[in-house]
Each structure stands twice: as C-alpha cells, then as structure tokens.
Amino acid sequence: MEKTVNHRAWFLVLPVLLLVAFSAVIPLMTVVNYSFQDTFGNNEFFWAGLEWFQQMLNSERMWNALGRQLMFSGIILAIEIPLGIFVALNMPKSGFWSSFCLVLMSLPLLIPWNVVGTIWQIFGRIDIGLLGYTLDMIGIDYNYTQNALAAWVTIIVMDVWHWTSLVALLAFAGLKSIPDAFYQAAKIDQASRWKVFRYIELPKMMGVLMIAILLRFMDSFMIYTEPFVVTGGGPGNTTTLLSIDLVKMALGQFDLGPAAAFSLMYFLVILLISWVFYTVMTNLDKREG
Amino acid sequence: MEWMAWTWPTATFFMVIAALLITFSILAIKFPEAPRVGVLRIETTRGDRLFITLLGSAFINLAWLGLVGPDNQPWALAVCLVWAAAVFRWV
C-alpha cells in the first residue's frame, strides 16, 4: 500500500520550531554576533573581526581545557560502558529481584547534578566525609582540594557512580529484547559464555550501546555543575573542564567576545562528534534492518 | 533587537544560511531524490551533503585562521567552495 504524502503535517511542528527558536536559535545567533565584537558594557559594541577567534585558537588555556575535557570524557566512557554492560549481564532477568535492581539502579539518575556534587564534596572531605576520613585513617594521602590526582579520581568516581546506571539500564533493555531462540541455538552448538556474549549479546546490544555512548559522551563533554561544586576547577586549574573555563571567562572576567568565540568552537566540536555518532547509529540500524 | 548586537557581516552570514536552507527545502520537495552511498560509505541526501559542507567549512575557516592567519581569510572561502564541490560530487 502506498503511503500518502502530506506536507501539511509540517505545520504541526511549528510550535516546536518557535520554542527552539527562542531557546536555542536566537541565543546562538547572539553568541555569533558577540564573537565578532568587543563590549565594555552599556550594550555598546565595537567591531573586532576575527580577533577573538584568533586569540582563542592561540590560547594555551583553551587547548589545555580541551585536553582535560577529552581526557575526562575518554576515561569515564572507558569505565562506564564496560561496567554498565557487566552490571546488565549480571542482573536478574525477571521476577522481584529484577524490578528491585532496576529501581535501585535508577536512584542515582534521579538526583540533581548540584546535589550529587554536594554529596561527593562532603563524602570526600578528610575532616567529616566518610570516604576522605577513612582513606586518611588508613594512611592514604587523599585530599581533593590540594592533590590533582585525588581531585581527578573524585570527579571520575562521582561521574561513574552517577551515570553507570544509565548505561546498565540501556544495556539491560538491549539484552531483554534478545529472543530465547538465540540462546537455545547457542546451547545446541555448545557455544562458550564468551562466544554467546561476543556473537549474540554484543551485536544485539550495539544499537542501545551506541545511544549510551552518545548520551554519555555529550553529557560528559558539557559537564559543569558536579565538578564545579566538588573542586571548583582546582587545585589550580587541574580540573577546569571546558564549560568551567567558559563560565569563568564569560561571567567571571566578563570577556564576552572571547567567550563567545570559545563557545562557538566548543559547539562545533560537539556538533561534529554528535554527527559522527548519529551517522554511525543510523547506518547500524539500516544494516540491521 | 538591539541586545542581539547585530552587524551587517553577521546578518549577511545568517541570511546566506537561511537562503541555503530554504533553497534545499524547496529542492527536496520539488525534486525528491533517493539517498546514495558515496566515498564515506554512508547514505546521504542533498540535505546531508549540505550539512557536511557547512560543518566542514566552519572547520576549514578555523584551521585557516589558526595556521595561516587572518590576512588571507577570504582564500579560506575558496577552499570551502572546493570542499563543497567535492562533497556534492563524491560523498
């Protein structure tokens, strides 16, 4: 049966377009306008041309922040994705304990970002925090306000605690969608546990895992609140990730022009990586379909 | 609109982008096309190729500014045109 093509349905999208225009397109246009001008307040602007872009491209500060950001996203993806899959594989597949695990896993996802930051900020303190105090008691030199390694470990463990559940829940949904016949066939063929994972479970989970990687990458690449609450970007600048640096520049120093150029480049990197992920995902779907 | 700090160059930039989007939307409605697979081994339509062109052009301009400097920036647009032609021909 032929589908009816009716372009009038596009009018139904108009309210969303209007909303997106006000929440995203108009602010983005303003940022583009700011990135080519200089201001000293009073809504007075002076043409600066490509100066801010050039300054940002030659700024060691921005490249360092980008390096830290890529390292942060890389580390949390390398931990959360395998750990999420491992958790999903070991969760009960049905019954009371399955529901119990699902609810338990969802709890960290329901906690607001700033509360997560506050929890870990207190948890890691060596005077009153359970983690910091315990580590200090057993003789481990842990102080996230003074030691860069301790600060990094804290923000990474915090992110893993907060978001591994999301990966596990998505992987679990992928696992649940595999028909029993696949496992029965594998059993007849006497496939090992590893082979069942490698040739049945992993390919069937690939779609949802790509979504998990995309979501976690995007979210971690734009992360602000949690590390800001815990370390404030310190000690020194060691945990100053891109968004923390951007806010310091735009609101702390009120350098609107350089900050606008910085945020446009930040936006382009996110757009590029999201496009790559999206393309890989849709092509995987088509190949499976 | 004053708070948006409009200038003629940035307004022209957005008008060009808007004109491109409108043109490609009309083209997609009037002359629908089947997606094709190019050198990237992914299915693309005209709209996808426009997106790849624009995104690539942004990076070409930034790379030119960082590596060559702002004095010859218009030449970066020439590179972008070559990039656009290559994307529409082979991607």
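Computed from a prediction, not measured in an experiment: that's the story for all the values here.

Conventions adopted
- Residues numbered from 1 in each chain as written.
- Chains lettered and ligands numbered in written order.
- Predicted model: local features only at pLDDT ≥ 70, side-chain atom pairs only at ≥ 80, totals over all residues.
- Heavy atoms only, no water.
- Core = buried A, V, L, I, M, F, W, Y, C linked by side-chain atoms within 4.5 Å.
- Buried < 20%, exposed > 50% of the residue type's maximum accessible area, 1.4 Å probe, protein only.
- Helix = DSSP H or I, 4+ residues; strand = E, 2+ residues; numbered from the N terminus.
- Contact = heavy atoms within 4.5 Å.
- Polar contact = N/O pair within 3.5 Å; in protein donor to acceptor, adjacent residues only side chain to side chain.
- UniProt positions renumbered as here; feature names shortened; annotations may be inferred.

Asker: I'm lost on the nonpolar core in this one. Help?
Answerer: Taken as a class, soluble globular proteins show a tendency for nonpolar side chains to be buried jointly. Formed by 53 residues in total, the largest nonpolar core has its most connected members in A:F53, A:M56, A:M205, A:F221, A:L242, A:F262 and A:M265. If you list the elements that add at least two residues to this core, you get α2 (51–57), α3 (60–90), α7 (148–176), α9 (193–221), α11 (242–252) and α12 (256–288) of chain A together with α2 (46–67) of chain B. Considering each element in turn, this core owes the most residues, 12 residues, to α9(A). Once residues lying within four places of it in the same chain are set aside, the contact partners of A:L242 are A:M62, A:A65, A:L66, A:Q69, A:F221, A:F262 and A:Y266. Within the second largest apolar cluster, 17 residues are counted, among which are A:I76, A:L135, A:A151 and A:V160.

Asker: It is not clear to me how the side chain of A:T154 should be interpreted in this structure. Could you clarify?
Answerer: Residues and elements named next belong to chain A. Relative to the elements of secondary structure, T154 occurs in helix α7. Its relative accessible area of 2% is what places T154 among the buried residues. A polar atom in the side chain of T154 sits 2.7 Å from the side chain of Y142. With residues up to four places along the chain from it excluded, the contact list for T154 reads W120, Y142, Y144 and V230.

Asker: For this particular structure, what's the right way to read the UniProt feature "domain: ABC transmembrane type-1" (unreviewed entry) in chain A?
Answerer: Per the UniProt record, the feature "domain: ABC transmembrane type-1" (unreviewed entry) sits at residues 66–277 of chain A. Secondary structure over residues 66–277 of chain A splits into 78% helix and 0% strand, and the C-alpha atoms at its two ends are 19 Å apart.

Asker: What am I meant to see in the UniProt feature "transmembrane region" (unreviewed entry) in chain B here?
Answerer: Residue and element names in this part refer to chain B. Cross-referencing UniProt, the feature "transmembrane region" (unreviewed entry) maps to residues 6–29, 50–67 and 73–90 in the present numbering. As a span, residues 50–67 carries 100% helix and 0% strand, and end to end its C-alpha atoms are 25 Å apart. Helix makes up 100% of residues 73–90 and strand 0%. Its end C-alpha atoms lie 26 Å apart.

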